[in-house]
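Given next are the chains, with one letter for each unit.
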Amino acid sequence: MRKLIAGMKVSIDGKMEGPEGTADWVEDWSDGYGVMAQVDACLLGGGMYPGYEQYWTAIQQDPNTPVWITGNPPTPAEHEYARFVARTPHYVLSSTLTSALWPKTSFVRTLEDVAALKRQPGKDIYLIGGARITASLIDAGLVDELRLIVYPLVAGVGKALFATTERRRGLELLKVEQLQGGRVGLVYGIA
Ligand SMILES: NC(=O)c1ccc[n+]([C@@H]2O[C@H](COP(=O)([O-])OP(=O)(O)OC[C@H]3O[C@@H](n4cnc5c(N)ncnc54)[C@H](OP(=O)(O)O)[C@@H]3O)[C@@H](O)[C@H]2O)c1
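Definitions and limits used
- Residues numbered from 1 in each chain as written.
- Predicted model: local features only at pLDDT ≥ 70, side-chain atom pairs only at ≥ 80, totals over all residues.
- Heavy atoms only, no water.
- Helix = DSSP H or I, 4+ residues; strand = E, 2+ residues; numbered from the N terminus.
- Rg over C-alpha atoms; globule rule 2.2 N^0.38 Å.
- Buried < 20%, exposed > 50% of the residue type's maximum accessible area, 1.4 Å probe, protein only.
- Areas by Shrake-Rupley, 256 points an atom, 1.4 Å probe, with all protein chains shown as cover.
- Polar contact = N/O pair within 3.5 Å; in protein donor to acceptor, adjacent residues only side chain to side chain.
- Contact = heavy atoms within 4.5 Å.
- Near = heavy atom within 4 Å.
- 1 Å grid on protein atoms, 1.4 Å probe; cavity = no way out; pocket = protein on both sides within 12 Å on 5 of 7 lines; lining within 4 Å.
- Sits in = over half its atoms within 2 Å of the grid points.
- Phe/Tyr/Trp six-rings, centres within 6.5 Å; stacked < 30°, edge-to-face > 60°.

1. What to know about the overall build of the chain
Of the regular secondary structure elements, the chain holds 4 helices and 10 strands. Counting helices and strands in the order they occur from the N terminus, the chain gives β-β-β-α-α-β-β-α-β-α-β-β-β-β. Taken against the 2.2 N^0.38 rule, which gives 16 Å for 191 residues, the C-alpha radius of gyration of the chain at 16 Å falls within 12% of a compact globule. Taken over 191 residues, the chain has a buried fraction of 45%. When the accessible surface of the chain is totalled, it reaches about 9700 Å², and 54% of it is carbon and sulfur.

2. Overview of the side chain of Glu145
Turning to its location among the elements, Glu145 is positioned in strand S7 (residues 145-151). In this structure the side chain of Glu145 is engaged in a polar contact, spanning 2.7 Å, whose partner is the side chain of Arg147. In contact with Glu145, other than residues within four places in its own chain, are Lys3, Leu4, Ile5, Ala6, Leu174, Val187, Tyr188 and Ile190.

3. Topic: the site of the ligand
As a structural note, the neighbourhood of the ligand is formed by 23 residues, with Lys9, Glu17, Ser94, Ser95 and Thr96 the closest of them. Arg132 places a main-chain nitrogen or oxygen 2.9 Å from an oxygen atom of the ligand. Relative to its unbound accessible area of 930 Å², the ligand is 81% covered by the protein chains. For the ligand, the cavity whose grid points lie within 2 Å of the majority of its atoms is the largest pocket.

4. Focus: the packing of aromatic side chains
What describes a pair of aromatic rings is the distance from one ring centre to the other and the angle between the planes of the rings. Inspection of every chain in the model, using the stated rule, returns 9 aromatic pairs. Look at Tyr49 and Tyr52: their rings are 6.5 Å apart centre to centre, the planes differ by 40 degrees, and that puts the pair in the tilted class. On the criterion of helical spacing, the pair formed by Tyr49 and Tyr52 is a turn pair, its members being 3 residues apart in helix H1 (residues 49-61). Owing to a relative accessible area of 2%, Tyr49 belongs among the buried residues under this scheme. Residue classification places Tyr52 among the buried residues on the basis of a relative accessible area of 6%. On the numbers, 6.3 Å between centres and 75 degrees between planes, the contact of Tyr55 with Trp68 is edge-to-face. Of this pair, Tyr55 sits in helix H1 while Trp68 sits in the loop between H1 and helix H2 (76-87), and the two are 13 residues apart along the sequence. Residue Tyr55 is classed as buried on the basis of its relative accessible area of 3%.

Now the structure itself:
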């Protein structure tokens, strides 16, 4: 069965975005987790899809213009990720969204649809976020691996990655990596 691999950039107090609705401490929204080579599909929540589509469409259309979350021109790694999103099917878990700009985007409606996606033949699937879908799919036992990049920051007010989680769950630490800028990469297996 294909693995579902979640990635998230968090502060040390577990926030995945600040009070303005973005993680403004993140300077680059490219892969960062080393996941692109092992996946051939992406899954994301209805909450983040419209902003995600807007962000990467802007980079595809004008590779040098500053983008709205970072306020900086896209990095070379973001250019590479923009090419990855153009060629990779995206599945959006939503009961309300019905249309997308990208021809390779389609919608899934239930957790059973996500389980069915994992049973299809193919490479692994990248769960991009946001927080509610990630927490909910971990709760449902559908996520196989969680890759975190932890920033050296106490974000304070903001939205926690696991704000909606009710169930206690132990994880298996698979990898620790010291990254530039005081960040730490952590990979956990989820049984
Ligand atoms: N720090 C990071 O690395 C990072 C990464 C990604 C995203 N983000 C941030 O995450 C934010 C969006 O996250 P979010 O938590 O608001 O939304 P989300 O997780 O992207 O989407 C939640 C939506 O997914 C749909 N959904 C359907 N079934 C669901 C289920 N069983 N469980 C959960 N969701 C289900 C619902 O949409 P319907 O109402 O349409 O049914 C729900 O409103 C963005 O602002 C983005 O900036 C941060």
